[in-house]
Amino acid sequence: MAKLASNNRQEVEDSKTLSKPRIFFGLLFLFLSVVFALSFASYLLNWKANQSQTGAMLDKSIKSSNIFGKVGDWLGNIFIFDSIGIAAFIVAFLMMVFGFQILKKNYFKIWKTLSHSLFFLCWLPILMGAITKGNGTLSGVFGNEIQEYLASIIGDFGLWMTLLAAIILYFVLEFNLRPSSIKNQIDSIKDKFAPDYDADEDFEADKELKEEPHFENLKVTSEVEAPKTETFETIKTPNQTGFEAPPVVAETPINIPVKKDLEPTGFSFQKEETPTKPADNIAFSIEEVKEDLDDSERKAKDLVDKHGLYDHKLDLANFQMPKIELLKEYGNEEIAINKDELEENKNKIVGLLKNFNVGIAEIKATIGPTVTLYEIVPEAGIRVAAIKKLQDDIALNLSALGIRIIAPMPGKGTIGIEVPRKNPSMVSMRSVISSPKFQNADMDLPVVFGKTISNEVFVADLAKMPHLLMAGATGQGKSVGINAILTSLLYKKHPSELKFVMVDPKKVELSLYSKIERHYLAKLPDGEDAIITDTHKVINTLNSLCIEMDTRYDLLKNAFCKNIKEYNKKFTERKLNPENGHRYMPYIVLVVDEFADLIMTAGKEVELPIARLAQLARAVGIHLIVATQRPSVNVITGMIKANFPARAAFRVISSVDSRTILDSTGAEQLIGKGDMLYFNGNDLLRLQCAFVDTPEVEKIAEYIGEQKGYASAFMLPEYSGEETTSTVGSFDPNEKDQLFEEAARIIVSTQQGSTSMLQRQLKLGYNRAGRIMDQLEAAGIVGGFNGAKAREVMISDLNSLESFLEELRK
């Protein structure tokens, strides 16, 4: 009753808040529903006469027999005769439902009503057409035409079977007529009319049973040996509708009161006290199980409760991330679809393949910023190789550069042909940085490259790559790609979470980032500039990074963590004591802009620490981005390639260079200007790299540099390399170079005391090769400097050399 009263109050309040337009349209729909219903009913009573009068709406001499005159005739003819027959009454019903809905009188469930109405609107005319065989107006034109069409296809019997199936399906879905639900309904009906439980009759039957002779001196408990009627009670509960529900068996033992004068001799009951407290008022308490924490965890928990979690951003709490307005907006970057160009290219591709007897079953185009991908499905029996070898012919026919054939497409049963667009679209850095895919990226080091062929923003996680190798010819977008990577990281990571080690042999590409030295850059303690350009300092920095890597692994071992993410989480939760050397570890990204120049000048001294970092540094948060103009095998060696699973290739000169960087061809077919291929170890994706101009990078660096930073750049561990000079004549065997003995064997075996030869043979820089030569001179293996001539070798054979080296080791 209370619920009904509240509903009535709600309806009264709704009626008070109804606006005048709502009342007007609600009453209008109700009035029209009445007009439609009466017009339809009157039309059906005299439909032949009414139908003949519909064409003379304005003729006053013709009288209509419809209750609403010629308007009623017109409505009946439109909705009944020319349309859906007797199902037209559903239209009037729906108008009534809409009227009540507008007036907020929710007498009907709107979606259920609509679904049922649509069902009958579709099937009722067909059913009436099947019954009347098209004679009469009950089916309308719709029902008559559909039933004739179905009967011509599946026959009269098939038509009736279809109608019967539709009716059965409706009742099954509406009334839930599944076998299990039908059985439950029957059981509930049986339970409803079952006789009530009579405890007195059961007690009398039990009393007679107890008086038998063989029960003498037997003690019965209510839990085990008592009859079932004594151990279960029947409870009748009213259901929500107020009717008596079927009896429910309560699985709790009860005690039946027994009068002493009815208890037989030698027969006793064990009585239990019936709880007087109602079940609803049973005392209920929850005991909190406390974790058994050790001393360190308890101390960490107390620190967190007292001071909160460690905030690594606290030193630069007011630091503001770069704003999106710092990036330039290049206007509308929407891809314009040129249907004429697409149709022309399609016809050329199909015609060329047809000339070579290659049939196509299907072709579709996907338009990207720079290229259009045509996916073709060849006819059965066509070999993939037959299409792949036509790459040059297709390029000639389309008069386009950069044609690339992907045969087959990974994960698809198609062959892809990438054709450059005549008017490519620019992909600005602003458009990809502001995209939801980048802004909502849940990654440790999110990097946005640009857009794919399908015009989707491509975002990758540098922490999972875990190292990136980039290559491309001069002017093809390699440096812009590096700037795009650095910009995306600057837009996502706080200075306390990320540090860069930048190596720029060209001295001009990365100099823009010197303004963010106290925020994001790392350097050696004795380093003057954070942007490293000197080859000797590069070697020391790389070795310093190796020391940092080893130190971090020691910290991870002591903290029982597997990676930097787990370690920083523990440190944030104050489970690691800073007094024991523990600290919050930022990610470190090493960026090398021109790796080929380092290999030429330093050789093994650079390659070995780079390879070691690539092999081990991933788990401790040190990641490498190495770029080169010359992707030859003596620059990108097998050791380096094996540890750089992620590669980004811009346009290169030859297919040999493409195979060096990607292990496959394709990079030589790119069109330049940021057109690139990205390989992550599995798939090869073609991307259009986002464009970020130098003024944009300057604005970002200035915006960050103007804010409060740390006292200095992030300091790497100090590395003490070999001395830059050696004093001839004061040779100390304990200070000899690691390659001293190998160099001595080369000199003695060739009998040429040449520093340049040591450079070539051992792939060393000139400085280190010169120091080794000075040590060989001090040891007495070679003679002194002799101008342009090679030094004299003092030891004639390798056996004598081995004996000499054995003496030095003692």
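Please refer to the structure higher up on the page.
Read on for a plain summary of the structure. (Residues numbered from 1 in each chain as written. Predicted model: local features only at pLDDT ≥ 70, side-chain atom pairs only at ≥ 80, totals over all residues. Heavy atoms only, no water.)

### Some words on the packing of aromatic side chains
The description of an aromatic ring pair uses the distance of the two centres, along with the angle that the planes make with each other. Counted only if it meets this: The criterion for an aromatic pair is that two Phe, Tyr or Trp rings (for Trp, the six-membered ring) have centres within 6.5 Å, with stacked assigned to planes under 30 degrees apart, edge-to-face to planes over 60 apart and tilted to the rest. Secondary structure is summarised from DSSP: a helix means a run of H or I of at least four residues, a strand means a run of E of at least two, and numbering begins at the N terminus for each. Three labels apply to residues, based on accessible area from a 1.4 Å probe with only protein chains included: buried if under 20% of the type maximum, exposed if over 50%, partly exposed otherwise in between.
Going through the model one piece at a time under the given rule, you end up with 14 aromatic pairs. Pairing Phe36 with Phe40 gives two aromatic rings, centres 5.7 Å apart and planes at 75 degrees, and the pair type is edge-to-face. With Phe36 and Phe40 both in helix α2 (residues 20-45) and four residues apart, the pair spans about one turn of that helix. The pair formed by Phe36 and Phe40 is uniform in burial state, with each residue classed as buried. Ring centres of Tyr310 and Phe571 lie 5.0 Å apart, and the angle between their planes is 85 degrees; this geometry places the pair in the edge-to-face category. Pair noted here: Tyr310 is in the loop between α11 (295-307) and α12 (339-355) and Phe571 is in helix α20 (residues 564-572), with a separation of 261 residues, a long-range link.

### With respect to the sheet that holds strand β5 (residues 360-367)
Cut-off, in case you're wondering: Between any two strands, pairing holds if DSSP finds at least two bridges. To obtain an axis, a line is fitted to C-alpha atoms, over the contacting stretch when the element is a helix, and the angle between two such axes runs from 0 to 180 degrees between their N-to-C directions. Should any heavy atoms of two residues lie within 4.5 Å, those residues are counted as being in contact.
Spatially, β5-β6-β8-β7 is the arrangement adopted by the four strands of the open sheet, whose pairing is antiparallel. Since the sheet does not close on itself, it has two edges, and those belong to β5 and β7 (404-406), each with one partner. Strand-to-strand twist across the sheet, computed as the mean angle between neighbouring axes with direction ignored, equals 20 degrees. The pairing of β7 with strand β8 (residues 415-420) spans three bridges and is antiparallel. By the bridge assignment, Ile406 is partnered in β8 with Gly416. Here α12 sits on the sheet and contacts β5, β6 (371-378) and β8; the angle it forms with β6, its principal contact strand, is near 40 degrees.

### Observations regarding the packing of α2 against helix α4 (residues 69-84)
Any two packed helices are characterised by how steeply their axes cross, that is the angle between the axes, and by the distance between the axes. We apply this condition: Orientation categories follow fixed angle ranges, with anything under 35 degrees roughly parallel, anything over 145 roughly antiparallel, 65 to 115 roughly perpendicular, and all other angles oblique.
Interhelical geometry of α2 versus α4 gives an angle of 80 degrees and a closest axis separation of 8 Å. The orientation of α2 with respect to α4, classified from their angle, is roughly perpendicular. In this structure, α2 uses Phe36, Ser39, Phe40, Tyr43 and Leu44 to contact α4, whose residues at the interface are Gly72, Asp73, Leu75, Gly76, Asn77, Phe79, Ile80 and Phe81.

### Some remarks on a nonpolar patch on the surface
The test is simple: Patches were defined on residues exceeding 30% relative accessible area and lacking a salt bridge, with like-charge contacts within 9 Å and nonpolar side-chain contacts (Val, Leu, Ile, Met, Phe, Trp, Tyr) within 5 Å. Only the protein chains shown count as cover for residues, and the accessible areas themselves come from Shrake-Rupley with a 1.4 Å probe. When a carboxyl oxygen of Asp or Glu lies within 4 Å of a side-chain nitrogen of Lys or Arg, that pair is called a salt bridge.
Together, Phe157, Met161, Leu164, Ile168, Leu169, Val172 and Leu173 make up a nonpolar patch on the protein surface, roughly 710 Å² of accessible area in all. Mapping Met161 onto the fold places it in helix α7 (residues 140-175).

### Comments concerning the side chain of Thr541
Among the structural elements, Thr541 can be located in helix α19 (residues 535-559). On the basis of relative accessible area, Thr541 is assigned to the buried category, the value being 2%. In this structure Thr541 touches Val501, Leu524, Ile532 and Leu716, once residues within four positions along its chain are discounted.

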